[in-house]
Amino acid sequence: MFKLPGLLRLAPLTLAATLLCTAQGALAQPQAVAPTPAQVNPEIDQAFTQLMASPAIQKLLDAVRADHDRSIEDLKMLTEIEAPPFKEHRRAEAFLARMKALGLTSAKIDAEGNVVGLRKGTGNGPKLLISAHLDTVFPAGTDVKVKERDGRLHAPGIADDTRGLAVLLSWLKVLNDNRIQTVGDLMFVANVGEEELGNLRGMKAIFRDHLDIDGMVGLEPSAPGSVLVLGTASHRYEVTFQGPGGHSFGAFGQVPSAIHGMGRAIAKIADIRTPSFPKTTFTVGTVSGGTSVNTIAPDARMAIDIRSDDMASLLETEKKILAAIDEAVVEENRRWNVSTLSVSTKLIGERPGGRTPPDSPIVEAAIRSNAAFGNRTLLRGGSTDANVPISLGVPAIIVGGGGRASGFHSLSESIDMTDAWKGAQNSLVTVLGLVGVQGVSPALLAKRTARTK
């Protein structure tokens, strides 16, 4: 039986001190983007006290632990179905089959490629989206066979985010097996397009097509107690320089070089200064061009990534970068007294950003659940599927599903599944607190007025 943590017997005023303690020991974590509230709303504290004291919920948490080994089989199965960006359909079909086998028979794959299934609540409660993404960063043909050694499971993509997918399936199984009736609706989603130039297309489609979502809890590899509340915005550009080209000796002095023009642009971009707070960054990530060593290059290309924790800062940096590119072309043309070098820019990636307030019910629910499991809460930021709802004003967070992962986005990616069920329990309690459980606790997530297109 899952043991009732001693914290739950403490008065709310004692919660502040207890939140600073963790049973997980020292663990390197990202920098906090906001202070963790010292106390949560008394209504939230009371709801979680009721949840954790309920025999039905204790039985449910025992079921999560009991389902651990079976969920690892789902993890292995899904990991070994490659899911490169824009080619997630085979994994989506496998996930859909598992959802239906576990009782969500109305689930389907939408037009964008997301797997979507709705587990209805008792009625008149909020609708909470719970999600994990299908895609990985690895191209087709990558060896995704799961290998076990040194107490870890090794395979590209096994943690980011296939573990999240397996946790969603485990939650669905234990909720149905134990006939837990939530007050609000749970919208299970395995989405496409989170990685690379997927540009959050899956989550954008979800919020375009479902205007009545009241909140989101996403699963990503995270340290115990980590709660993402800030969505880092980003713009990505493909920049193409074009000129007439010519022989490196015969045409010298008559035509500009696309590569030289690009080099000028890169040097100017490198000199741009950005604020350290809000953190704002840029990089020229890839470059290419030219035809041969003895040719004045007729074309050149580069890709630029610009990110910021603040949209205004991102736009200001973007303005400076685009101006630097134009200045570089002017200078290269002036160098040879011509006007034949041109440049074009194409926006190839756009991720909106924003913040979920630390004192909002969805964040305080995660804080209170973390405390119940002995985890210190750290509020962090990043670029995830949560960027979409956050930018729309819909409360959203990203939490972990358990397991200690390493080597994200590398061929050496791995996860230690020892006691990973603890993370799955922790996050599930957060979810249950938000949607409420019939006869146990009320829904803490407020119903919102449906958005309009």
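Above this text sits the structure in question.
Remember, predicted model here, so these are calculated numbers, not experimental data.

Novice: Can you explain the sheet that holds strand S5 (residues 152-154)? Please cite residues and give values.
Specialist: Ordered by their spatial adjacency, four strands build an open sheet running S4-S5-S19-S18, and the pairing between neighbours is antiparallel. Each having just a single partner strand, strand S4 (147-149) and strand S18 (404-406) make up the two edges of the open sheet. Taken over all neighbouring pairs, the strand axes of this sheet differ in orientation by 25° on average, direction set aside. Running over the sheet, helix H6 (residues 158-177) touches S5, S18 and strand S19 (414-416) and is turned about 50° from S19.

Novice: Quick rundown of the packing of aromatic side chains? Include the residues and the values.
Specialist: This structure, assessed with the given rule, holds one aromatic pair. A centroid spacing of 5.1 Å and a plane angle of 75° characterise the contact between Phe 252 and Trp 336, whose relative ring orientation is edge-to-face. Here Phe 252, found in the loop between strand S10 (246-247) and helix H8 (258-270), pairs with Trp 336, found in the loop between helix H9 (311-335) and strand S14 (342-351); they are 84 residues apart in sequence, far enough to count as distant. Judged by its relative accessible area of 14%, Trp 336 is buried.

Novice: Describe in detail empty space enclosed by the protein, supporting the description with residues and values.
Specialist: Empty space among the atoms can be located by rolling a probe the size of a water molecule over them. Overall, the coordinates contain two cavities of 30 Å³ or more when judged by the stated rule. Volume-wise, the largest cavity comes out at about 40 Å³. Together, Val 64, His 68, Ser 71, Arg 163, Val 167, Ser 170, Trp 421 and Ala 424 line the largest cavity. At the level of elements, helix H4 (68-79), H6 and helix H12 (421-435) are the ones that each hand at least two residues to the lining of the largest cavity. Looking at the lining of the largest cavity, the element that brings in the most residues is H6, giving three residues. Here the lining of the largest cavity is built from residues that sort into four nonpolar, three polar and one charged. In this structure, the second largest cavity occupies an estimated 30 Å³ of space. Taken together, Glu 196, Leu 197, Asn 199, Ser 234, Arg 236, Ile 348, Gly 349, Glu 350 and Arg 351 make up the full set of residues lining the second largest cavity. For the lining of the second largest cavity, the element with the highest residue contribution is S14, accounting for four residues. Grouping the amino acids of the lining of the second largest cavity by side-chain chemistry returns two nonpolar, three polar and four charged.

The rules behind the values
Residues numbered from 1 in each chain as written. Predicted model: local features only at pLDDT ≥ 70, side-chain atom pairs only at ≥ 80, totals over all residues. Heavy atoms only, no water. Pairing = 2+ DSSP bridges. Helix = DSSP H or I, 4+ residues; strand = E, 2+ residues; numbered from the N terminus. Axes fitted to C-alpha atoms, helices over the stretch in contact; angles between N-to-C directions. Contact = heavy atoms within 4.5 Å. Phe/Tyr/Trp six-rings, centres within 6.5 Å; stacked < 30°, edge-to-face > 60°. Buried < 20%, exposed > 50% of the residue type's maximum accessible area, 1.4 Å probe, protein only. 1 Å grid on protein atoms, 1.4 Å probe; cavity = no way out; pocket = protein on both sides within 12 Å on 5 of 7 lines; lining within 4 Å. Points joined across faces, edges and corners; volume = space filled by probe spheres on them. Nonpolar A, V, L, I, M, F, W, Y, C, P; charged D, E, K, R; others polar.

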